[in-house]
Amino acid sequence: MLNWDSVRADFPVLNQQVNGEPLVYLDNAATVQKPRIVIQSLVDYYERDNSNVHRGLHALSMRATNGYEGARTRVAKFINAADPAEIIFTRGTTESINLVAHSWSKAHLKPGDVILTTEIEHHSNLVPWQQAAKASGATLKYVPVLGENAEGGLDLDALDELLTPEVKLFAFTHISNTLGSINPINEFCRRARAVGAITVIDAAQSIGHVPLDVRELDCDFLAFSGHKMCGPTGIGVLYGKQELLDKLAPDETGGGMVVTVDYEGATWKPSPERFEAGTPNIADAIGLAAACDYLDSLDRAAIAKHDHELGQLAYEKLSTIPGIRILGPAKDRCGVVSFAFADVHAHDVVTFADEDGLALRGGHHCNQPLMRKLGLTSTTRASFYIYNTAEEIDVLVASLSRIQKFFGG
Ligand code: PLP
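Since the model is a prediction, treat every value here as computed from it, not as a measurement.

(A) A look at the overall build of the protein. Within the protein, the secondary structure is distributed over 14 helices and 17 strands. Relative to its length of 409 residues, the protein is compact, with a C-alpha radius of gyration of 22 Å against a globular reference of 22 Å. Here the protein, with 409 residues, has 56% of them falling under the buried criterion. Considering only contacts in the protein between residues 6 or more positions apart, those separated by 24 or more positions represent 69%. Surface accessibility of the protein: about 17,000 Å² in total, with carbon and sulfur atoms responsible for 53%. Treating the 36 positive side-chain charges of the protein as one cloud and the 51 negative ones as another, the clouds have centres 2 Å apart.

(B) Examining helix H3 (residues 59-78) more closely. For H3, built from 20 residues, the straight-helix expectation of 28 Å at 1.5 Å per residue is met to within 8% by its first-to-last C-alpha distance of 28 Å. If you check which residues of H3 are buried, you get Ser61, Ala64, Thr65, Tyr68, Ala71, Arg72, Arg74, Val75, Ala76 and Phe78. The inward-facing, buried residues of H3 contact helix H2 (36-49), strand E4 (87-90), strand E9 (221-225), strand E10 (236-240), helix H10 (282-298) and helix H11 (300-319). The first or second residue beyond H3 is Asn80, which carries a positive phi of 60 degrees.

(C) How the structure looks around the sheet that holds E10. Read from one edge to the other, the open sheet built from seven strands follows the order E4-E10-E9-E8-E7-E5-E6, with strand pairing classed as mixed. Only two strands of the sheet have a single partner each, and these edge strands are E4 and strand E6 (139-143). Strand-to-strand twist of the sheet, defined as the mean angle between neighbouring strand axes without regard to direction, takes the value 20 degrees. Pairing geometry for strand E7 (residues 167-173) and strand E8 (residues 198-202), over five bridges, is parallel. When the sheet's bridge partners are listed, Phe170 is paired in E8 with Thr199. Against the sheet, helix H5 (residues 127-136) touches strand E5 (114-118), E6, E7 and E8, its axis set at about 150 degrees to E6.

(D) Representation of the site of the ligand in the model. In the neighbourhood of the ligand, 13 residues make up the surrounding shell, with Thr94, Asp202, Gln205, Ser225 and Lys228 lying closest. Within the side chain of Gln205, an N or O atom sits 2.7 Å from an oxygen atom of the ligand. At a separation of 2.8 Å, an oxygen atom of the ligand approaches a polar side-chain atom of His227. Classifying every residue of the shell around the ligand gives two nonpolar, nine polar and two charged.

(E) Region of the structure containing the packing of H11 against helix H14 (residues 390-406). Relative orientation of the contacting elements H11 and H14 amounts to 30 degrees, with a least axis distance of 10 Å. By the criterion of interaxial angle, the relationship of H11 to H14 is roughly parallel. H14 is crossed by H11, and the crossing has right-handed handedness. Counted together, Leu310, Leu313, Ala314, Lys317 and Leu318 of H11 and Ala390, Ile393, Asp394, Leu396, Val397 and Leu400 of H14 form the full contact between these two elements. Across the contact of H11 with H14, the residue classes break down as nine nonpolar, no polar and two charged.

(F) How the structure looks around the domain arrangement of the protein. Here the protein is described as being made up of domain 1 (4-27 + 299-406) and domain 2 (40-296). With 34 residues of domain 1 at the contact, the number on the domain 2 side is 33 residues. For domain 1, the biggest contributors to the area lost against domain 2 are Arg300, Leu370 and Tyr385; these three give 26% of the whole. At the junction of domain 1 and domain 2, the tally comes to two salt bridges. Linking Arg300 and Asp296 is a salt bridge whose minimum nitrogen-to-oxygen distance equals 3.2 Å. At the surface where domain 1 touches domain 2, the tally comes to 24 residue pairs in polar contact (both at pLDDT 80 or more). Mapped onto the side of domain 1 that touches domain 2, the elements with two or more residues apiece are H11, strand E13 (324-326), strand E14 (336-341) and helix H13 (368-373). Looking at the side of domain 1 that touches domain 2, the element that brings in the most residues is H11, giving six residues. Considered class by class, the residues forming the side of domain 1 that touches domain 2 number 18 nonpolar, seven polar and nine charged.

Reading the values: the criteria
- Residues numbered from 1 in each chain as written.
- Predicted model: local features only at pLDDT ≥ 70, side-chain atom pairs only at ≥ 80, totals over all residues.
- Heavy atoms only, no water.
- Helix = DSSP H or I, 4+ residues; strand = E, 2+ residues; numbered from the N terminus.
- Rg over C-alpha atoms; globule rule 2.2 N^0.38 Å.
- Buried < 20%, exposed > 50% of the residue type's maximum accessible area, 1.4 Å probe, protein only.
- Contact = heavy atoms within 4.5 Å.
- Areas by Shrake-Rupley, 256 points an atom, 1.4 Å probe, with all protein chains shown as cover.
- Lys, Arg positive; Asp, Glu negative; His and termini not counted.
- Charge placed at Lys NZ, Arg CZ, Asp CG, Glu CD.
- Expected span 1.5 Å × (residues − 1).
- Pairing = 2+ DSSP bridges.
- Axes fitted to C-alpha atoms, helices over the stretch in contact; angles between N-to-C directions.
- Near = heavy atom within 4 Å.
- Polar contact = N/O pair within 3.5 Å; in protein donor to acceptor, adjacent residues only side chain to side chain.
- Nonpolar A, V, L, I, M, F, W, Y, C, P; charged D, E, K, R; others polar.
- Parallel < 35°, antiparallel > 145°, perpendicular 65-115°, else oblique.
- Left-handed = near helix turned anticlockwise from the far one by under 90°.
- Domains from an automatic or database assignment.
- Buried area = accessible area lost by both parts, 1.4 Å probe.
- Salt bridge = Lys/Arg side-chain N within 4 Å of Asp/Glu carboxyl O.

What follows is the structure, encoded as structure tokens:
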């Protein structure tokens, strides 16, 4: 049994007051807090090993290289990739998806082809495909979402009609950052394979919360961000199957990714170097590896259970507040709960809740088309992680009731 109190004690930032109240941090879908072990790994690297990687022959450069390449191996193990060469370090989910949308799309898409995505995607897994469709002449199609509050999740029956042999790529999120719904990604990968489409999974909201195994999924690409899994900001990952990466042209060129260069041209190294031009984010890759160690030391299945239970409890307790509109499914949800009041703007909710020490998020959560479809401009979002407690949900409910009263609700 995990001791969740001791988990909370691993996060120094949580031990503070905001506006005279204990901090209740419920903005985890935007970014999660960092445990001491991750912060210390950054300090250790800068205090002992800081140097540039790869071509250096001195001790510090070799240590930095070992740290950076060791981080790649660690991340490969975290998602059960077959080979560290399948792990490309990027700035985060957004850059990872853009890399596929540029490089893969340029080489493979033509007019008549279809890119399939869903109506619930974050802009990071939507705008790059709009751009890829425009550049290639391919058509972009969306799996629709069901219900006036999107409580039905994605319309899986529509998938039968949408997943045709014209679909060359199917890009979908694992967990919705607004609805808290969990997509059946195993099924999506299987059905995409059946029509010969490659799969791109946006794992931004799942990587820190649920175990992920890319070989079991048999997905082609998977993208995530370090800062949503206890790691630093500015580092993320694109996982890609080796046979696909080997055939992909680089999106960025420059130092570190070439074999030979002459005044006429250059030749590329294999993956992952081919996709990592310039000095990489060494320290944060090392911090990301420390985050993998930390999460594995806690047991990722237990983390998933904890976060999902808090999400469910929050859904149930918030449902008792008169006039609240909660998005997403009533059951089988993760630790993200997003809601709206008819007469109080989400920004007001967040500002007033801050007075009670709560960190919430209000806005469109980079889901503008979904918001528009649901007749909303914004929602307030509470999102939970390993250090949150059932008592904090009570603080949230009390604060929301106070805000409602203030606005005459
Ligand atoms: N995809 C989803 C589902 C997200 O929630 C986010 C961030 O909130 C992103 C992509 C983008 O992640 P990043 O800003 O770290 O690139």
